[in-house]
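Residue-level structure breakdown
One letter stands for each residue in the lines below.
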Amino acid sequence: PPASSRPYSSSTTSSQRRRPHRQRGGRTSRHIEGALIATIIFSVITFLKFQSTATVRKSVPGVITTQDQDRPRPRHDVLDGSSGSGTQSHFIVWMYPFPPPNIEIKNDWEVPSGDKILICPYKTACHGKGSTINLAALTKDTLYNSYILDHPYQKLRHMKEFCHHIQVIAMISLLLKNDGVCVQTLGGDNWFCSAESFSDYNPYDNGGQSWSASTESSGESDLSISKFPYQLLSHKGSSQVLSLAPDMTKEEFATYGPWNVSTDVRLGGRYNSGEDIQSLAGVGWYPFLSSVRTKEDPLNNYSGYYIANSLQQSPPMKMPYLEEAKERRSLMEKLDIVSMFFGGADMIQRNGKFLREYTNEVYPFGCRSTLSCATLKAHKIRSYFSSCLTLTSTYQGSVLYHDGSSPSLNGLPLLNPALVNFTSAVKKAKEEKDLVLLVDVVDRSVLPPLPSNARWLSADIPKGYPRSCQPQSERIDYCYRLLSQYANHAKVVITSRIHVGLPAAAMGTPVIFVSKGGWLPGGKEKTGRVAGLLDIFHRIDKTKNLTLGFDLSGPIPPNPGNHEADRRRASFWHRLKRVSYYEDAARLFGRIPLQRLGAGMVQDHFHNNFHFVMNQTDLSDWRSRRTIEAVLFFHPNAKILIHVEGYVSGGSQGLFTIFAESGYDVRLIPISSQRASVEQIKMLLQKFGGVFLSKCTFIRGALPVALDEGYSLDEHGDVALMIGKKAAAKATNKTWVASYLSSTQTQQCMSDPKWEMESTEDIAITVDRASLLEHDIIMDTRCYDLIEKNCIYNDDLHWKYGKETGVLLKLSDGSTARYCEGQIWSHNVSCKKRVEYMKSIHSLSDQDAMISTLQHGCLCA
């Protein structure tokens, strides 16, 4: 390829690796830009000056979000620790997830003040003190932006050393953004006020060779290859390299996948990249990566953090049930089973004891397939359908050099981010996005006519790519090239691979999924591994009469399941943010708020303005949050105004904070009273228009704007639901019905699976608040359907399995459990049938056969 598109190489000249984006323009534009950024930073600091001290970490628009602190206006220069004249901003930077080695940070530790601003994005490092930073925003238009945007790939390249790169990238980027800034590593004694001496640093550089050699032997790369600025992480005059850096083994973060694949990989030397793409999805949530473990036994002799998202074949992943209760609980709390598929009951037979304790005391099991969920629920193990974590894939920083040919082996070179024209090349590629990519399509005969810009690729990594598909470094490189093309080059992706379609859809690219009578590239679909996942895509399946309603020459409609994908992504965030490391890393890399895929898919013939009236206590009540979720389930692009009694603008939003983080438009507005009389709500809707719902009212479907004006009341005479038109617009005479459930009816709705609603025509149901507070929702009841199915954050389970009688038996380990013959043992074989089989084959007594079967998954709830 031409010089402007060479892959990363140490031979790239320094003139091609111009760092600061301000050096790419003329002197006048540089001065204007510098003045503008100086004004922005000055405004931010001035704003912070007038904030009172508090423990809440607040967001400042743009780059930095900070904890409220009393910070005076900057007054002086600081250069190498000495004071000078002029006006400068001084940032003390700590980008690691662990505390600095030379400072003892406790709860009473005082944050640097005066003209010094502490940037410490990980709460685990600085006890929640200091400021956080959005590196995606900070590095925009710099050399380092691609590194930040594609951080999962870089974490695998640099492993534990990834955090060293993040530390210096943050410091250098702060210097590049303004000439009047000085930076220092927390615990250091050197101030740095210019980026000029770091111009040779290139985190992409691999010395012109594969990054497998050093990484795979030691779990670390060679910092010196990148011309790493060691002085930023060393004491003044110290000969010790990285003397300011923390011990990176304090906590571990692991993914799965072999370093080297055996030579007898299936498909004659090819390797399915879907495994590594799933692995990369988990890495994206970590602060860094410590190790890569085997998928079948990743927790063996391991005490670190692990995100489990994988397809499990037989034998499935082993989950060790440690004897020591404290160690066992620690292992469970660091394990997130967010997205796992298994086809039969062997997962439960192998890990039943672990899974029951884990799902009852830590978190429910996230199923990648609806079939896995059905199996777990048949065994009464707490679980929910999560879909696949690859729906959170994010790769936006790289483009490939296309010369008009259709290269084999996915061998197109990556453009070097160090090149002067890299930013414009990325912008141009994203604006064009004109390629039709076809990846492992099982039935080409059903495809519409293909345009000239169609390209064929394979998700299977060929045996000789480019050296071998065995080392993980080569496989991840192949995956990165595929993902970069889905994100930045593809107008549409046509595939029969789930782990092509899902990450492409996650990055906003339309996907056409082609099936052929149940056949997929991996073979006949008999295990249910894609059950529940295909509704996101456009579909072609001749055997099911699924065809396209458009051709490939014009604009491609967005994925029809974008709203469902948004719900799944929001649920992943809701679950993973409970781990401080994952939450802080997501904010650091600019992943939050989530960018909703369906944000532009507005349906004007449905209501898009909703109102609730609540008090501040409701903001911490999951029941009130569920009413909002029901609206967003059917009206994902709605604007929801929650009028809160006693709420102060900017105050805590409790459980409702998650909505804005997930990309939904939910706003809190202060009011003086939470009464919901007819006249008050009428006045509200006269001003804003739309629909009012009480905090106990759940809609059952999307509400069209054609619905007539009107209202329904609860038993207290307050408004349960009111439909109005702004400025008294004319009604359209479409009648509707909404019901209120009494206390007795609500309890039946919550507890009796056989109880049915009196009407199926209701547009909404209002339940009795006291009953909802006092009683449990049982699975498969009408209230389960109403409240727990039509929600956004389905990982947050507020339902239980129904009680079932059974036989209490003593197990071989001395514990007791209840045997239920109606449970499923495996592959739709009931526990009763299994007991009969054990009795006939092994001549066991009834009790011994029940105990044997019970220990393999036939427990009651």
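Refer to the structure printed above.
Residues numbered from 1 in each chain as written. Predicted model: local features only at pLDDT ≥ 70, side-chain atom pairs only at ≥ 80, totals over all residues. Heavy atoms only, no water.

Here we look at the pattern of salt bridges
The criterion, for reference: By definition, a salt bridge exists where a carboxyl oxygen of Asp or Glu is found within 4 Å of a side-chain nitrogen of Lys or Arg. Only runs of H or I of at least four residues qualify as helices and only runs of E of at least two qualify as strands under DSSP, and these elements are numbered from the N terminus. Each residue's exposure class comes from its accessible area (1.4 Å probe, protein chains only) as a fraction of the maximum for that residue type: buried when under 20%, exposed when over 50%, partly exposed otherwise.
Under the defined criterion, the tally for this structure stands at 36 salt bridges. The partner of K428 in a salt bridge is E432, with the nearest N and O atoms 2.6 Å apart. Of the two residues, K428 and E432 both sit in helix α13 (residues 422-432), 4 residues apart, roughly one turn of that helix. For K428, a relative accessible area of 47% corresponds to the partly exposed category. In the salt-bridge network here, residues are joined through shared partners; they are K123, K577, E583, D584, R587 and E661.

Quick look at the sheet that holds strand β30 (residues 719-724)
What counts, and what does not: Strands pair, by our definition, only if DSSP identifies at least two bridges between them. Geometry is summarised by axes, namely lines fitted to C-alpha atoms with helices restricted to the contacting stretch, and by angles between N-to-C directions that run from 0 to 180 degrees. We call two residues in contact when some of their heavy atoms are within 4.5 Å.
On the basis of which strands lie adjacent, the open sheet formed by 6 strands has the order β26-β25-β24-β27-β30-β29 and mixed pairing. Of all strands in the sheet, those with a lone pairing partner are β26 (665-671) and β29 (710-713), marking the two edges. Adjacent strand axes in the sheet meet at a mean angle of 15 degrees when their direction is disregarded. Pairing analysis gives 4 bridges linking strand β27 (residues 690-693) to β30, with the strands arranged antiparallel. From the neighbouring strand, F692 faces β30, where its bridge partner is M722. Across the sheet, helix α18 (residues 622-634) lies against β24 (609-615), β25 (639-645), β26 and β27, angled at about 180 degrees from β24, the strand it touches most.

Quick notes on the packing of aromatic side chains
To describe a pair of aromatic rings, one takes the distance between the centres and the angle between the planes. Our working rule: Only the six-membered ring of Trp is used, alongside the rings of Phe and Tyr, when aromatic pairs are assigned; centres must lie within 6.5 Å, and planes under 30 degrees apart are stacked while those over 60 apart are edge-to-face, with the rest tilted. Ring-over charges, as used throughout, are those where CZ of Arg or NZ of Lys falls within 6 Å of the ring centre and within 35 degrees of the ring normal.
What the rule picks out here adds up to 28 aromatic pairs. Here the aromatic cluster, defined as three or more aromatic residues joined through ring pairs, consists of F98, F253, Y286, F288, Y305, Y581 and Y582. When the ring centre of F633 is taken as origin, the NZ or CZ atom of R567, which lies over that ring, is 4.1 Å away. The side chain of R591 reaches across the aromatic face of W285, ending 4.2 Å from its centre.

Structural notes on helix α11 (residues 346-361)
Counted only if it meets this: By this rule the span expected of a helix is its residue count minus one, scaled by 1.5 Å. To obtain the bend at a residue, axes are fitted to the seven residues ending there and to the seven starting there, and the angle between these axes is taken.
The terminal C-alpha atoms of α11, which comprises 16 residues, lie 22 Å apart, in line with the 22 Å expected from a rise of 1.5 Å per residue. The largest bend in α11 is about 85 degrees, located at G352. Residues M347, I348, N351, G352, F354, L355, R356, E357, Y358 and T359 constitute the buried set of α11. Contact partners of the buried residues in α11: β12 (305-312), α10 (325-333), β13 (335-342), β14 (365-367), α12 (370-378) and α16 (562-576).

A closer look at empty space enclosed by the protein
Stated formally: A pocket, in this scheme, is an open set of points on a 1 Å grid over the protein atoms alone with protein on both sides within 12 Å along at least 5 of 7 lines, while a cavity is a set where a 1.4 Å probe fits but cannot get out; residues line either one if an atom lies within 4 Å of a point. Grid points are joined across faces, edges and corners, and a volume is the space filled by probe spheres set on the points. Lys, Arg, Asp and Glu make up the charged group, whereas Ala, Val, Leu, Ile, Met, Phe, Trp, Tyr, Cys and Pro make up the nonpolar group; the residues left over, Gly among them, are polar.
Inspection of every chain in the model, using the stated rule, returns 3 cavities of 30 Å³ or more. Counted as a void, the largest cavity has a volume near 70 Å³. Along the walls of the largest cavity sit H563, M601, V602, Q603, F606, N608, F634, H635, P636 and N637, which together make up its complete lining. A breakdown of the residues in the lining of the largest cavity according to their chemical character gives 5 nonpolar, 5 polar and no charged.

Considering the side chain of H611
Selection rule: For the purposes of these results, a polar contact is taken to be a pair of N or O atoms within 3.5 Å, where, inside protein, one atom must be able to donate a hydrogen and its partner to accept one; residues adjacent in sequence count only when each atom of the pair is a side-chain atom.
Of note, H611 is situated in strand β24. Among the polar contacts made by the side chain of H611, one reaches the main-chain carbonyl oxygen of G689 at a distance of 3.0 Å. Among all residues touching H611, those that are not within four sequence positions of it are L641, H643, L684, L685, F688, G689, V691, F692 and L693.

With respect to the packing of helix α24 (residues 831-842) against helix α25 (residues 846-854)
Definition in use: Relative orientations are named as follows: roughly parallel for angles under 35 degrees, roughly antiparallel for angles over 145 degrees, roughly perpendicular for angles from 65 to 115 degrees, and oblique for any other angle. The handedness criterion is simple: a crossing whose near helix is rotated anticlockwise from the far helix by less than a right angle is left-handed, and one whose near helix is rotated clockwise is right-handed.
Where α24 contacts α25, the two axes come as close as 9 Å, and the packing angle between them is 125 degrees. Between α24 and α25, the interaxial angle falls into the category oblique. In this structure, the crossing between α24 and α25 has a hand that is right-handed. Residues C831, R834, V835, M838 and K839 of α24 form the contact with α25, whose participating residues are D846, A849, M850, S852 and T853. When its residues are assigned to classes, the contact of α24 with α25 shows 5 nonpolar, 2 polar and 3 charged.

Points about the side chain of N416
Within the secondary structure, N416 sits in the loop between β15 (383-385) and α13. Judged by its relative accessible area of 1%, N416 falls in the buried class. Among the polar contacts listed, one links the side chain of N416 to the backbone nitrogen of A418, at a separation of 2.9 Å.

What to know about the state of the cysteines
As a reminder, the rule being used: Any two cysteine sulfur atoms lying within 2.5 Å of each other are counted as a disulfide.
For the coordinates displayed, the defined rule picks out 3 disulfides. The disulfide partner of C120 is C126, and the gap between their sulfur atoms is 2.1 Å. Judged by the sign of its S-S torsion, about 90 degrees, the cystine formed by C120 and C126 is right-handed. Residue C126 is classed as buried on the basis of its relative accessible area of 0%. A sulfur-sulfur separation of 1.9 Å characterises the disulfide bridge that pairs C182 with C193. Negative torsions about the S-S bond denote left-handed disulfides, and the value of about 105 degrees found for C182 with C193 makes this one right-handed. Of this pair, C182 sits in strand β8 (residues 181-185) while C193 sits in the loop between β8 and α7 (212-218); the two residues are 11 residues apart in sequence, bridging distant segments of the chain. We note that C182, like C193, is buried.

Section: α18
Counted at 1.5 Å a residue, the expected span for α18 with its 13 residues is 18 Å, and the 19 Å between its end C-alpha atoms agrees. Every buried residue of α18 is accounted for by W622, R623, S624, R625, R626, T627, I628, E629, A630, V631 and L632.

Focus: the environment of Q616
Looking at where Q616 falls in the secondary structure, it is placed in the loop between β24 and α18. Considered as a pair, Q616 and Y647 are 31 residues apart in the sequence and their alpha carbons are 6.5 Å apart.

Focus: the nonpolar core
Just so we agree on the cut-off: The term nonpolar core refers to a set of buried residues drawn from Ala, Val, Leu, Ile, Met, Phe, Trp, Tyr and Cys, joined through side-chain atoms within 4.5 Å.
The biggest cluster of nonpolar side chains holds 205 residues, and the ones touching the most others in it are Y486, I628, I640 and I642. Sorting elements by how many residues they give to this core places helix α6 (residues 162-177) first, with 11 residues. Each residue touching Y486, except ones within four places of it in the same chain, is listed here: K433, L437, V439, V493, V500, A504, M507 and T509.

Topic: unusual backbone geometry
A cis amide bond links I592 with the next residue in sequence, P593, at an omega value of 5 degrees. As for its placement among the helices and strands, P593 is situated in the loop between α17 (580-588) and β24. At H127, a position not held by glycine, the phi torsion is positive, near 55 degrees. Note that H127 resides in the loop between α2 (123-126) and β7 (131-133). With relative accessibility at 42%, the residue H127 sits in the partly exposed group. The backbone of N545 shows a phi angle near 60 degrees, a positive value even though the residue is not glycine. For N545, the location among the structural elements is in the loop between β23 (538-540) and α16.

Remarks on the sheet that holds strand β28 (residues 697-699)
Sheet architecture is open: 3 strands sit in the order β28-β32-β31, paired in mixed fashion. One side of each edge strand has no neighbouring strand; the edge strands of this open sheet are β28 and β31 (738-740). Going from strand to strand, the sheet's axes swing by 15 degrees on average, the running direction of each strand aside. In terms of strand pairing, β28 meets strand β32 (residues 764-766) through 3 bridges, oriented antiparallel. Its bridge partner lying in β32, I699 is registered against A764.

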